[in-house]
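A closer look at the structure
Below are the chains, spelled out letter by letter.
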Amino acid sequence: MPDATPSRSGLLTRHFLTRLIDNDLVSPDADAHKGASVGLAMLLSAGAVVTMLMGGQYITTPLPMPAVNAANYIDDALIYVTVSMLLLAIVAVVAWDGLALDTRDEAILGPLPIPRSLIVRAKLSAMAALAAAVLVALNGPPTLLHPISAVAMLPATFAQTGRLMLAHAVATGAAGLFGFCTVLAVREVTRALLGAWWPAVSARLQAFLILVLATAFLLTPSFFGNVPERLAASSDWRVAANPTMWFVSLHQMLAGTVIVDLRGPPLPRRLRVEEDRAAERHQRAQAGAGPLAAVAPVGVAGSFAVALVAFLWNARRPAARARTPRRGARQGATPFAWLMTATIARTPAVQAGFFFTLRTLARSVPHRAALAVAAAFGLALATIGVGRALRLAPGTGLPQVLLGTQTLLIACLLAGVEQAMRLPAHLPASWSVRLSWPGDARGFIAGVKRAVVVGLGVPVFGLLLIADLTLLTPVQAIAHYAVGILLLLIALEARFLAEHPLPFLTAYSAGSRIKAAPLWFLAALIAGAIVSAIEAAALRSVVGTITLIVVLTMGWRALVWHWQRTGAPREDDLDLFQPQLDEATTLKL
Amino acid sequence: MLEARHLVKRYSGSRVVDDVSFVVQPGEVLGYLGPNGSGKSTTVQMLTGLVEPSGGHVWFEGRRITSDLVGYRRRLGCVPEEAHLYPFLSGREHLELIGRLRELPSRRLDERITALLELFGLSDAALQPISGYSKGMRQKVLIAGALLHDPDVVIFDEPESGLDVTAALMLRHLIRILAARGKAVIYSSHVLEAVEKVCARVIVLHRGKVVADDSVTALRALRSHTSLEQVFAELVSHVDPERTAQAIADAVAHA
């Protein structure tokens with residue numbers, strides 16, 4: 001039946017493609033097609049809008065200068081290449097579980113009379129389709145619009161504009177492919193090396209990559225600018241080791257001297273000097289781009305080859321079942337669990353909320369992803385804040401920007417926690433909690449709050465403390481750390497005074513708060529400025545420091561007292577579960 | 001002790017459970033039998049308070065369970081039909097969560113969990129995530145969780161699902177011992193052999209309605225059959241199983 005194979009292949013490819021875009025990280029409560037359509041539309045419109053904004057500098061000038069345009073065009077190339085590379089890598093990380101044949105695929109497709117090679121090819125086709133769709137949606141509008149705007153005021157021919165478009169398409173496409181293939185290569189090589197241990201590591205690696213890539217994405221604006229100078233210094237290992245510079249070089253080699261060779265209008269003397277300087281910068285960049293441009297195709301081919309070989313190696317046999325260390329049931333509590341139950345989680349209900357929160361945040365993939373994205377925002381802001389503080393001249397007093405960073409970090413953590421606690425830990429399993437529910441939410445929620453402070457606040461502020469110790473005195477740094485913990489405690493108490501879901505247990509209907517993110521960020525900026533000003537004044541003296549900590553402690557205790565008196569529980573907290581139980585019952589029936 | 005009075009559950013107008021009434025006394029094991037879709041699990045959900053009846057009420061010790069649902073559930077243990085558990089928790093962690101929510105003191109909870117995990121043969125897997133458990137292992141975790149707080153009423157909904165022969169035999173002995181210790185036990189199943197061996201009294205449900213409610217011996221005598229299986233077939237089966245099987249085989253063969 002020669003005509004049967006293509007249809008089966010197409011069917012499998014569509015099935016795998018749906019699986020790639022339909023996961024809990026992207027659309028926990030929506031269907032895959034809706035999520036994919038919205039995602040692609042957002043990429044298309046964002047690309048077009050950004051291109052128009054960036055093209056303004058070329059179009060609005062009364063005196064177009066080819067060399068200046070050419071130099072700026074190299075700066076722009078870095079932005080497009082970096083965004084393409086990082087976004088495609090992020091797409092690959094988000095589609096993580098769909099990047100290989102998993103145990104579910106094996107269970108469903110394994111018994112069917114389909115050649116394994118056909119299944120593997122369909123999986124690869126689905127991945128290629130996903131990467132291609134994102135690449136086109138992301139880079140399509142800029143490829144068409146950006147070269148046109150760069151030469152709009154100059155006498156460029158169709159062929160010259162076409163060459164710029166081709167350079168843009170090839171460079172951004174190759175960068176995106178490199179990003180996607182690198183993530184796939186990291187995933188598949190790690191999987192090949194770990195074998196049966198892979199399932200235990202997979203989600204952790206995914207969370208780590210989300211954190212790294214999102215942080216890199218958010219920090220990219222600080223790396224833009226002076227790209228021609230960096231290209232000129234391409235022999236410097238810091239430039240040569242940066243993959244984005246390979247693709248900028250490739251772009252430059254393909255675009256060549258198209259823009260700089262165009263004839264502009266006569267310029268006044270002052271502008272002619274600027275134009276000549278830009279021409280020199282461009283010339284040096286062009287010379288430096290050659291060696292790095294050759295690395296780009298090697299990098300793409302290398303990452304593609306490694307990813308493909310590792311993928312095929314792993315796909316040659318069914319996916320391994322999870323293996324974890326076999327330890328006895330008699331193993332007692334860990335020192336950490338013992339310490340927590342002896343100190344901050346002493347009653348059974350608090351222990352239930354405390355340990356359930358820590359385990360859900362650490363192990364459940366959607367929860368970990370929500371926190372990873374928020375943490376990435378926080379780390380990016382912290383990096384910028386610490387960087388600015390480091391650049392301050394010595395003796396300028398307490399760096400307020402550093403003090404404010406902690407408040408912004410708290411805001412990011414709270415946003416992540418808010419999003420995470422609105423996601424049910426595992427909807428079908430909530431019956432077990434409901435049947436054993438003690439009828440009082442206070443203990444459970446107290447445990448949740450303490451887990452957030454111990455599991456997130458203490459280690460994240462600890463990272464910041466390392467930076468603080470280099471810029472503040474030890475007493476100031478530790479006091480600043482204590483202020484951060486107290487502020488987090490106050491913020492959490494204040495949050496639970498308002499209407500709230502039962503963390504990790506109420507259904508998806510509680511909804512997302514992503515739309516409120518800009519307002520939240522603005523509020524955090526204002527709060528950060530106010531808090532850092534107060535802190536800067538207080539930390540100058542021991543008395544001020546003690547007073548600030550005492551006031552914050554009293555404020556926190558007052559909120560706790562108020563919450564215990566008025567902030568729930570209801571007569572029967574079980575109604576908090578109701579939406580998902582009705583839903584679960586309906587689904588089951 | 002536990003009484004269902006005229007329980008009705010309607011979904012989209014159709015009566016899934018239709019006027020079901022029974023009483024379970026301490027020390028009694030009540031078998032709740034019925035074919036697939038007869039309303040057994042819906043009854044169990046109403047008995048546990050997870051689903052609100054469309055009509056009728058569940059009473060416990062002379063009071064409606066809704067008057068103090070939390071108090072009632074403190075004395076209730078339940079093994080549901082579906083083994084839905086938090087996949088990222090280990091078996092031990094799941095039992096810790098349940099025990100803590102039931103406010104069992106830490107030391108006692110730890111001892112009971114350790115003992116139950118050993119007795120159910122889960123010691124080696126105690127700290128592995130439940131996502132890696134087999135169906136039988138999950139079922140054992142459910143049973144351990146239902147008994148953790150020494151409940152007065154225990155409801156088992158298809159408890160032998162996924163269990164191997166040894167574990168199923170152990171469960172039957174366990175149910176008899178629980179009853180001997182004064183627990184009221186409801187055993188919902190379609191495994192007739194298990195019900196016949198474990199339960200003194202049986203309710204047979206068909207399309208949501210009670211079609212029989214008597215002791216196993218009386219039912220057999222009344223219908224002049226030697227086994228509960230024959231009684232059950234007569235009460236609920238209106239098709240000839242052998243003929244249906246033949247038709248299925250033929251349908252596949254000629255497809």
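Every value quoted in this text rests on a predicted model; they were computed, and no experiment measured them.

1. Some details on the confidence of the model for chain B
Mean pLDDT for chain B: 87, with 95% of residues reaching 70 or above. Across the assembled chains, the prediction reports ipTM 0.85 with pTM 0.73.

2. Considerations on helix H6 (residues 158-194) of chain A
In this model, H6 of chain A (37 residues) spans 53 Å end to end at C-alpha, consistent with the 54 Å of a helix rising 1.5 Å per residue. Gly195 of chain A occupies a position one or two residues after H6 of chain A and carries a positive phi of about 60°.

3. Concerning the packing of helix H5 (residues 116-150) of chain A against H6 of chain A
Residues and elements named next belong to chain A. At their nearest, the axes of H5 and H6 sit 9 Å apart, and the two run at 150° to each other. In this view, H5 runs roughly antiparallel relative to H6, as classed from their interaxial angle. Handedness of the crossing formed by H5 with H6: right-handed. Packed against H5, whose contacting residues are Ala131, Leu135, Asn139, Pro142, Thr143, Leu144, His146, Pro147, Ile148 and Ala150, the element H6 presents Thr161, Leu164, Met165, His168, Ala169, Thr172, Gly173, Gly176, Leu177 and Phe180 at the interface. Here the residues of the contact of H5 with H6 sort into twelve nonpolar, eight polar and no charged.

4. Thoughts on the pairing of strand S7 (residues 153-157) of chain B
All names here are of chain B. When you tally the buried positions in S7, you get five out of five residues, the bulk of the element. Of the two faces of S7, the one carrying Val153, Ile155 and Asp157 and the one carrying Val154 and Phe156 are both buried. Relative to S7, strand S6 (residues 76-79) runs parallel, the two sharing four bridges. Opposite Leu76, over in S7, you have Val153 as the bridge partner. Examined bridge by bridge, S7 and strand S8 (residues 184-189) share five bridges and lie parallel to one another. Of the residues in S8, the one forming a bridge with Val154 is Val185.

5. Focus: the sheet that holds strand S3 (residues 29-33) of chain B
All names here are of chain B. An order of S6-S7-S8-S3-S9-S10 is seen for the six strands of this open sheet, with the pairing classed as mixed. One side of each edge strand has no neighbouring strand; the edge strands of this open sheet are S6 and strand S10 (209-215). The sheet shows a mean angle of 15° between the axes of neighbouring strands, direction not considered. The pairing of S3 with S8 spans five bridges and is parallel. Within S8, the residue paired with Gly31 across the bridge is Tyr187. In this fold helix H1 (residues 40-48) packs onto S3, S6, S7, S8 and strand S9 (201-206), with an angle of close to 155° to the strand it touches most, S7.

Rules of the game
Residues numbered from 1 in each chain as written. Chains lettered and ligands numbered in written order. Predicted model: local features only at pLDDT ≥ 70, side-chain atom pairs only at ≥ 80, totals over all residues. pLDDT = per-residue confidence, 0-100. Helix = DSSP H or I, 4+ residues; strand = E, 2+ residues; numbered from the N terminus. Expected span 1.5 Å × (residues − 1). Axes fitted to C-alpha atoms, helices over the stretch in contact; angles between N-to-C directions. Parallel < 35°, antiparallel > 145°, perpendicular 65-115°, else oblique. Left-handed = near helix turned anticlockwise from the far one by under 90°. Contact = placed C-beta atoms within 7 Å. Nonpolar A, V, L, I, M, F, W, Y, C, P; charged D, E, K, R; others polar. Buried ≥ 20, exposed ≤ 12 C-beta atoms within 10 Å, placed from the backbone. Pairing = 2+ DSSP bridges.

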